[in-house]
Amino acid sequence: DGGITQSPKYLFRKEGQNVTLSCEQNLNHDAMYWYRQDPGQGLRLIYYSQIVNDFQKGDIAEGYSVSREKKESFPLTVTSAQKNPTAFYLCASTQGAWAKNIQYFGAGTRLSVL
Amino acid sequence: AQSVTQLDSQVPVFEEAPVELRCNYSSSVSVYLFWYVQYPNQGLQLLLKYLSGSTLVESINGFEAEFNKSQTSFHLRKPSVHISDTAEYFCAVMVGSNYKLTFGKGTLLTVNP
């Protein structure tokens, strides 16, 4: 089945540690997105990528980094500079680079700080 | 900058009652509007969207939303809800040629028996 796979489902980070969240899609979609979801805050865009080897900062990019070396993969690294990383992280993709196209979401990764 | 306001953070209703989840946006240019639904511990799924044409759009599970340009609103309605409709609902907007969506803070719909 086609879709978006996020792993791991749960992740724990120690103080000062970088952690990487995986996002893989087999939908042959061009654009991919990372969102952060906090209770009562909705979804906030961290980074997005419209094509391979290119990505742009979203609204809350500080403390995060991404790469887009392959069309199907868009990993997110939560660095030690992100002081409040506890949240639910969602990856999404769309066919074409237009946000008016339907966004397909993964099941999310819940990150907590030890 | 575009913004989306969902006026109610929580809406409790009884099964088979009608419901309206309110969404207002701020933009003076053409917009594309969406409603997404999120079930517990899952990602979001598209419920319905307005891109152009008829201002009333419907989903396959009985929800509908009406684009009202003069009131800058895109409220979601269902005439009779089921227990299975319990979820969080997000309104989102894309303005003009922007490449990203702006989401509202969500409305938690709880349907009680």
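Residues numbered from 1 in each chain as written. Chains lettered and ligands numbered in written order. Predicted model: local features only at pLDDT ≥ 70, side-chain atom pairs only at ≥ 80, totals over all residues. Heavy atoms only, no water.

(A) Just the layout of surface pockets, in detail. Here the largest pocket is characterised by a volume of approximately 460 Å³. Around the largest pocket, the lining comprises 24 residues; the ones closest to its centre are Gln37, Pro39 and Arg110 of chain A together with Gln38 and Glu88 of chain B. Breaking the lining of the largest pocket down by element, the ones donating at least two residues are strand S4 (31-38), strand S9 (87-94) and strand S11 (109-113) of chain A together with strand S10 (87-95) of chain B. If you tally residues by element for the lining of the largest pocket, the top one is S10 of chain B, at 3 residues. Along the lines of polarity and charge, the residues of the lining of the largest pocket split into 9 nonpolar, 11 polar and 4 charged. Put simply, the second largest pocket is a space of about 200 Å³. As for the second largest pocket, its lining consists of 15 residues, and the residues nearest its centre are Gln103, Tyr104 and Phe105 of chain A together with Leu44 and Gln45 of chain B. (1 Å grid on protein atoms, 1.4 Å probe; cavity = no way out; pocket = protein on both sides within 12 Å on 5 of 7 lines; lining within 4 Å. Points joined across faces, edges and corners; volume = space filled by probe spheres on them. Helix = DSSP H or I, 4+ residues; strand = E, 2+ residues; numbered from the N terminus. Nonpolar A, V, L, I, M, F, W, Y, C, P; charged D, E, K, R; others polar.)

(B) Just the nonpolar core, in detail. All names here are of chain B. Grouped together as the largest cluster of nonpolar side chains are 28 residues, with contacts concentrated most on Leu33, Trp35, Leu47, Leu48, Phe74, Leu76 and Tyr89. No other element matches the 5 residues that S10 contributes to this core. Not counting the four nearest positions on each side in its chain, Leu48 is found in contact with Leu33, Phe34, Trp35, Val57, Glu58, Ser59, Phe63, Glu64, Ala65, Phe74 and Leu76. (Core = buried A, V, L, I, M, F, W, Y, C linked by side-chain atoms within 4.5 Å. Buried < 20%, exposed > 50% of the residue type's maximum accessible area, 1.4 Å probe, protein only. Contact = heavy atoms within 4.5 Å.)

(C) Region of interest: the sheet that holds strand S7 (residues 64-66) of chain A. Residues and elements named next belong to chain A. With antiparallel pairing, the 4 strands of this open sheet are ordered in space as S1-S3-S8-S7. Sheet topology places strand S1 (4-7) and S7 at the edges, where each strand pairs with a single neighbour. Averaged over all adjacent pairs, the angle separating strand axes in this sheet is 20°, with direction ignored. Note: S7 against strand S8 (residues 76-78), 3 bridges, orientation antiparallel. (Pairing = 2+ DSSP bridges. Axes fitted to C-alpha atoms, helices over the stretch in contact; angles between N-to-C directions.)

On their own, these measurements won't tell you what the molecule is for.
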